Amino acid sequence: MEERELGGGLVDGWVARGLLTETWELTETGRDWFTSLGVNVSLGLRPLLRPCIDWTVRRPHAAGALADRFAAAAFENGWAFRCSHPRSA
């Protein structure tokens, strides 16, 4: 998988593991899994989860509050790191 496809690959993995449905709904298993990682799954003013098309690869990646919270946890826990360019993976 190329680096720029990471977002779509995450969504594919979440669906394959039963954390997310094909229609972008968080499952009970998904709620439990994200919560176990310390990711807040509560609703707020923003949509919790929605698709956002990455036009460079023409496939959706996750957007919304849950995606932002997961990304923050990934950076905080060292599962992901920021590159020198803000749009690089």
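Quick note: structure is the one above.
The numbers attached to residues start from 1 for each chain and follow its sequence in the written order. The model is predicted, so local features are restricted to residues of pLDDT at least 70 and side-chain atom pairs to those at 80 or more, both for listing and for counting; the totals for chains, interfaces and linings are taken over all residues. The basis for every side-chain value is the complete set of non-hydrogen atoms in the structure, without hydrogens or water.

**Some details on the overall build of the protein chain**
Step number 1: For the protein chain, the helix and strand inventory stands at three helices and two strands.
Step number 2: Counting from the amino terminus, the protein chain carries its helices and strands in the arrangement α-α-β-β-α.
Step number 3: Burial status follows relative accessibility: with a 1.4 Å probe on protein chains alone, a residue under 20% of its type maximum counts as buried, one over 50% as exposed, and anything between as partly exposed. Per-residue burial over the protein chain gives 29% buried out of 89 residues.
Step number 4: Note on contacts: a residue pair qualifies if any of its non-hydrogen atoms lie within 4.5 Å across the two residues. Excluding contacts between residues fewer than 6 apart, the proportion of contacts in the protein chain whose partners are at least 24 apart in sequence is 38%. Strands here are runs of E lasting at least two residues and helices are runs of H or I lasting at least four, both read from the DSSP assignment and numbered beginning at the N terminus.

**Observations concerning the nonpolar core**
Step number 1: One finds W14, F34, A62 and L66 to be the most contacted residues of the largest nonpolar core, which totals 16 residues.
Step number 2: Among the elements that take part in this core, helix α3 (residues 65-76) stands out by supplying four residues, more than any other. Note on terminology: a nonpolar core comprises buried Ala, Val, Leu, Ile, Met, Phe, Trp, Tyr and Cys residues joined through side-chain atoms within 4.5 Å.

**Some words on unusual backbone geometry**
Step number 1: Look at W24: it is not a glycine, yet its phi comes out positive at around 70 degrees.
Step number 2: Mapping W24 onto the fold places it in the loop between α1 (6-16) and α2 (28-36).
Step number 3: We classify W24 as buried; its relative accessible area is 16%.

**So, α3**
Step number 1: For a helix, the expected span equals 1.5 Å multiplied by the number of residues minus one. In a regular helix each residue adds 1.5 Å, so 12 residues correspond to 16 Å; α3 covers 16 Å between its end C-alpha atoms and thus fits that length.
Step number 2: Here α3 has its buried residues at A65, L66, A67, F70, A73 and A74.
Step number 3: Note on α3: the residue one or two positions beyond its end, G78, has a positive phi of about 80 degrees.

**Notes on the packing of aromatic side chains**
Step number 1: A pair of aromatic rings is counted whenever rings of Phe, Tyr or Trp (Trp by its six-membered ring) have centres within 6.5 Å, and the orientation is called stacked for planes under 30 degrees apart, edge-to-face for over 60 and tilted otherwise. Applying the stated criterion across every chain yields a total of six aromatic pairs.
Step number 2: Between F70 and W79, the ring centres sit 6.2 Å apart and the planes meet at 35 degrees, which makes this aromatic pair tilted.
Step number 3: When its relative accessible area of 11% is taken as the criterion, F70 is described as buried.
Step number 4: Three or more aromatic residues joined by ring pairs make a cluster, and in this case those are W14, W33, F34, F70 and W79.

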